[in-house]
Every structure is written in C-alpha cells, then in structure tokens.
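Fold and geometry: a report
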Amino acid sequence: MGQLRKVLVANRGEIALRIMRTCKELGIRTVAVYSEADRQSAHVRYADEACCLGPAPSRESYLAIGRVLDAAMQHGADAVHPGYGFLSENAEFAARCEEAGLTFIGPPARAIAIMGDKTRARMLMAQAGVPIVPGTPDAVESLEEAAAIADGIGYPVITKAAAGGGGKGMRLVQSPSELAHAMALAQSEAQSSFGDGRVFIEKYLVKPRHVEVQVLMDSHGGAVHLYERECSIQRRHQKVIEEAPSAIVTPGLRQRMTDAALKAAHACGYIGAGTVEFLLDRDQHFYFMEMNTRLQVEHPVTEWITGLDLVAEQIRVARGERLAFVQSDLAMRGHAIECRVYAEDAASGFLPDAGLLIRHAPCSGLGVRADAAFDGPGEVSIHYDPMIAKVSTWGRTREEARRRMLRALKDYDIAGVKTTIPFCIRVMESEAFRRGELSTHFVNDHAALATSRPAGLESARAAAIAAVLGRPYDRPTEARLPAVQPSRSWQRRRTY
Ligand code: ADP
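Not measured: the values here are computed from a predicted model. (Residues numbered from 1 in each chain as written. Predicted model: local features only at pLDDT ≥ 70, side-chain atom pairs only at ≥ 80, totals over all residues. Heavy atoms only, no water.)

1. A look at helix α13 (residues 421-429)
Within α13, eight of the nine residues are buried, which leaves the element mostly enclosed by the surrounding structure. For α13, the complete set of buried residues consists of Ile421, Pro422, Phe423, Cys424, Ile425, Arg426, Val427 and Met428. (Buried < 20%, exposed > 50% of the residue type's maximum accessible area, 1.4 Å probe, protein only. Helix = DSSP H or I, 4+ residues; strand = E, 2+ residues; numbered from the N terminus.)

Below you can see the structure in the form of structure tokens.
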C-alpha cells in the first residue's frame, strides 16, 4: 500500500488504454503486457514500458499468472490492474499478486472467491436478506433432484454453472421433457469451460430487465453506490447497449435496489469498485443475479452521470485512502448511453468477423466519448474478444443522449470488418428504445433491427476508401480482404 509509482496493466485493448490514461493523469508510470499477436497494438505503444508475455493464445499470455508476475517483477511495478476479463476475477491471481508484494487494484481475493462461485454467492445473499431468483441454494446432484426442484419452482427454469460467467452452462428448460438433455449439456459445458461441472437451477423470469448497481467501498468502512445501469439489450445473454440511469427505475425502487447492492457488497467484505447485478420483473421485484468483482465494460455511463473517474477511485482505494465523499455528496446528472462496437455481423446472429480494419477514426464532439482499442487501422484478432470500441454519449435528458448517440454512430468512420454499428443505429432509431420499453429479450423481440440490411454505412465508406486507394469498388471489404472463418476459439470466447 501507500505510494503507487508504476502499475502493470494485465490486459489489452480499450480497457488497457483506458486504465493507462488515468495512470498518466495521476503521474503513475505504466507497464503494458502483450502477446505476440498484439505486438503492434495501441496499448503497447501508449504505455511507458512494455513486456511480451508469450504466444497469442490467452492461456500462454494474458492468462499465464506466472508470466504476468514475472513481467511485474522485471519492470519494477508495484501494483497490477487486471481490467475486466482475463485474470480480473481470478482469486488465485489476486492472492499471488499480494504474496509477491504487488498491490492488486481490485477487491480482496476472498471476496472474488465468494462471488465467483454463484451457488456460494446465492447462499450468502439469502442469509444477508438480499432477494435471489427462486431456485436451488446449492448445485444439483442428480436428475431426480433437478426434476423435483424444477417442479417445485415451476417451469420455465434455467440451468447455470456454479463457476459460471459468459453465459456458459445456461440452458433454458421450458418443460420436464427437456430437463435431462439441458442438464447434461449444461454440466458438460461447465466442465469444459471451468473444469467444474456443478450446475444449479433457477426460475426463468419472463422478459426481465437487467439492472445493476455500481458500488464503491474503501478499506476504512466508507461505502457508496453510484446509482444503476440498465443493460437489458443483449445478444446471447451478453450486453451490447447500456444506459444510466435506467429509464424506468423510480426513486423509491432505486433506494431499495441500491440498499440491497450495498448489503450484498458488505456481506462479502468487499473493497473497491464492484457491480451487483439484478433481474427486475414487471412488478418491480428485483432479484440478485451475481456480483462482478471488477471494473465493468459499461462503467463509462456511470462516469458520465457522476463525474467520477472509476479507475482513479480504484487506485485511491488500493493505496489505502479513504473515499473523498459520502453518499449525500453525490448526485446523478443527466443521462448516458453506451453502444458497444463489436466486429460482429448482426444479420448472421452476431457472428464474429475478424480481419483488417482498413480505416478507423472514432467519433468525437460534445458529450461523446469513444474508448477504442485502436488508434488507427489495425487488425481484429481471432484470438480475443472482438470488441473494437465503446461509444458513450451524455445528454441532459435521455432523448438528448439518444440523439447524440445517433449522430456519433453515424460519424464513426470504420471499414474492413462488419460491426454492430448499423444494428446500434437501428436500435437508437427504434420506437421501442425511445419509449424505454426494454427487456433482455429486446433483440429477439425486434429481430428486424439485427437482420435488416439498409444501404450500409460501412459499404458507403468502404466505397469511398476504395476510390481513394484507387481500387475498383465491388462488394466492399469482405470481397477484398481474405475471408476469415470464425475459429472455435471465437465461438468459445467470453464477453464481459
Ligand atoms: P453470466 O455470468 O454467465 O454472464 P448472468 O447470470 O450474469 O450470466 O446472466 C446473464 C444474462 O442471462 C442476464 O442478464 C439475463 O439476460 C439472463 N438471465 C440470467 N438468469 C436469468 C433468469 N433466472 N431468468 C431470466 N433471464 C436470466
């Protein structure tokens, strides 16, 4: 604890850059780590120092605990920021950093371990009086037990991996006849993804909304919430558009949800920035789903409405400082929306699309923030999550933020791979989004938003670029660039 002079950022892409920017503002030196596939990446160039971890596959580079610790030692770092994904929710990594004398910029290893096991977390929440989705308190041992439990809570139910994350092990079960197959699939997916085949069962809520609360706690008992974010617009149970505050959370509901979130965080001895995720049903009942013990992808919308820098707060807490404010010092101002720009083809079920970004110039302007992984043309690697950037906008009202987002997405200059930008534009233009009529089924309920192919922005831009490059324009980027088949590692990739 005490002074932090040099931070190793154990991550890549936009989040590595985002963390390093704050370090720079705080006068802290940065060490980037990278795999051989990322040698030319923007985060490597932005850092004060950089260290190659090994080959492209994550397990030989970004997930190799020993190599990351060696890099920190070699470069004389005194702290490690894990970002999101990779080692950020690995309790062993947090513990080994501390053993090596490095400050882990994140919660205590024990809190990570408790919340990383969904069944353990559910039991703790139930004891603490935080409402949980009805279901089994513990992993299910046999099919007979599963059938009895599912009968008890009533179909539909959903299976989940105890060691879960990234939607792994999640299977919707509509009726008793589907249970055996779903359990077998969920167990084998859990085993292959996490080396832990334990599965539990929950009630499947009908078209809930995903609403989560950001919390921030110091090591002296200081604790605040930073309001909620709504993350209901998802594909494959993974977020793609988020906003803060939620369009439907009333002050009374906000009070109850933020109280529950702080209770959840206290129950596991939390320190640092964390997120308590809830499902909210149509009757405004909410249920604890999980706690993410790290910085979230969508944290910029909270930064917009609070004016706080969450990475700076994480660093101050890690230094052992007290929060500089109490709850009553904070206020929520305006409205923020985030759209994730993934290299994915929305029209083909959001299939990843790897390849060269022949042009990349993110949008800017008043109330617009682009957190991008690239600072110019580059390559979207097949080895990692295909997120290119996050665009977030702020407005005094939700409508102002929405209009600004539309403008920003249309200004985003990108060509080479298919992206989620056209999909996000159509969502922003939709009547349902304008009215704030959201649920986790939004993408399915409005399938045309993903599948329709209007005169593509990207095609128009690619045509213009082709003209500049002096090449004939036929079908733009896909035709000219080598076709890249999504590999198995893409299909198995985790998103956050
Ligand atoms: P993971 O950690 O694997 O990403 P989560 O538990 O966070 O999984 O759930 C991800 C998403 O799956 C939620 O945002 C929601 O859309 C859906 N989901 C999870 N549990 C339920 C449930 N019990 N009922 C309905 N939808 C659910």
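2. A few points about the site of the ligand
Taken together, 22 residues lie near the ligand, and Gly167, Lys203, His210, Gln234 and Glu290 sit nearest. With respect to the ligand, the backbone of glycine 166 contributes an N or O atom lying 3.1 Å from an oxygen atom. At 3.4 Å, a side-chain N or O of glutamine 238 approaches an oxygen atom of the ligand. Starting from 560 Å² of accessible surface for the ligand in isolation, the protein chains cover 96%. Those elements that provide at least two residues to the shell around the ligand are β6 (157-161), β8 (199-203), β12 (272-280) and β13 (286-292). Residue composition of the shell around the ligand, grouped by class: eight nonpolar, eight polar and six charged. Structurally, the shell around the ligand is a two-domain feature, drawing no fewer than three residues from each of domain 2 (134-203) and domain 3 (209-451). (Near = heavy atom within 4 Å. Polar contact = N/O pair within 3.5 Å; in protein donor to acceptor, adjacent residues only side chain to side chain. Areas by Shrake-Rupley, 256 points an atom, 1.4 Å probe, with all protein chains shown as cover. Nonpolar A, V, L, I, M, F, W, Y, C, P; charged D, E, K, R; others polar. Domains from an automatic or database assignment.)

3. Some details on the sheet that holds strand β19 (residues 368-372)
The sheet built from eight strands is open, its strands ordered β13-β12-β9-β10-β11-β14-β21-β19 with antiparallel pairing. The open sheet has two free edges, formed respectively by β13 and β19, since each of these has just one partner strand. Going across the sheet, the axis of each strand differs from the next one's by a mean of 25°, ignoring polarity. Bridge count between strand β10 (residues 223-235) and strand β11 (residues 238-244): four bridges; the pairing is antiparallel. Residue pairing across strands places arginine 235 opposite glutamine 238, the latter belonging to β11. Contacting β9 (209-217), β10, β12 and β13, helix α9 (residues 251-267) runs over the sheet at an angle of about 55° to β9. (Pairing = 2+ DSSP bridges. Axes fitted to C-alpha atoms, helices over the stretch in contact; angles between N-to-C directions. Contact = heavy atoms within 4.5 Å.)

4. Focus on the pairing of strand β21 (residues 387-395)
Of all the nine residues making up β21, nine are buried; the element is thus mostly covered by neighbouring parts of the structure. Bridge count between strand β14 (residues 335-342) and β21: eight bridges; the pairing is antiparallel. Residue pairing across strands places cysteine 339 opposite valine 391, the latter belonging to β21. Summarising the sheet, β19 and β21 pair through five bridges and their orientation is antiparallel. When the sheet's bridge partners are listed, alanine 372 is paired in β21 with alanine 389.

5. A short note on the pattern of salt bridges
Across all of its chains, the model carries 41 salt bridges by this definition. Aspartate 38 is paired through a salt bridge with arginine 12; the nearest N and O atoms lie 2.6 Å apart. Taken together, the residues aspartate 38 in the loop between β2 (29-35) and α2 (42-46) and arginine 12 in the loop between β1 (6-9) and α1 (13-25) connect sequence positions 26 residues apart. What makes aspartate 38 buried here is its relative accessible area of 3%. (Salt bridge = Lys/Arg side-chain N within 4 Å of Asp/Glu carboxyl O.)

6. Quick notes on the nonpolar core
Formed by 76 residues in total, the largest nonpolar core has its most connected members in Ile241, Ile388, Tyr412, Phe423 and Met428. Of the residues that make up this core, three or more belong to each of domain 1 (6-105) and domain 3 (209-451). Not counting residues within four places of it along the chain, the set of residues in contact with methionine 428 comprises Ile241, Ile337, Cys339, Arg402, Met405, Leu406, Leu409, Phe433 and Arg434. (Core = buried A, V, L, I, M, F, W, Y, C linked by side-chain atoms within 4.5 Å.)

7. Digging into the pairing of β1
Here β1 shows two buried faces, one formed by Lys6 and Leu8 and the other by Val7 and Val9. Here β1 runs beside β2; their pairing, made up of four bridges, is parallel. Within the sheet, the bridge partner assigned to valine 7 lies in β2 and is threonine 30. The β-α-β motif built from β1, the intervening α1 and the parallel element β2 has right-handed crossover chirality. (Right-handed = clockwise from strand over helix to strand, strands pointing away.)

8. Remarks on the packing of helix α12 (residues 398-411) against α13
Here α12 crosses α13 at 155°, and the two axes come no closer than 10 Å. The pairing of α12 with α13 is recorded here as roughly antiparallel in orientation. Here α12 and α13 pass one another in a crossing that is left-handed. Note on element contacts: α13 touches α12 through Ile421, Cys424, Ile425, Met428 and Glu429, opposite Arg402, Met405, Leu406, Leu409 and Lys410. For the contact of α12 with α13, a count of residues per class yields seven nonpolar, no polar and three charged. (Parallel < 35°, antiparallel > 145°, perpendicular 65-115°, else oblique. Left-handed = near helix turned anticlockwise from the far one by under 90°.)

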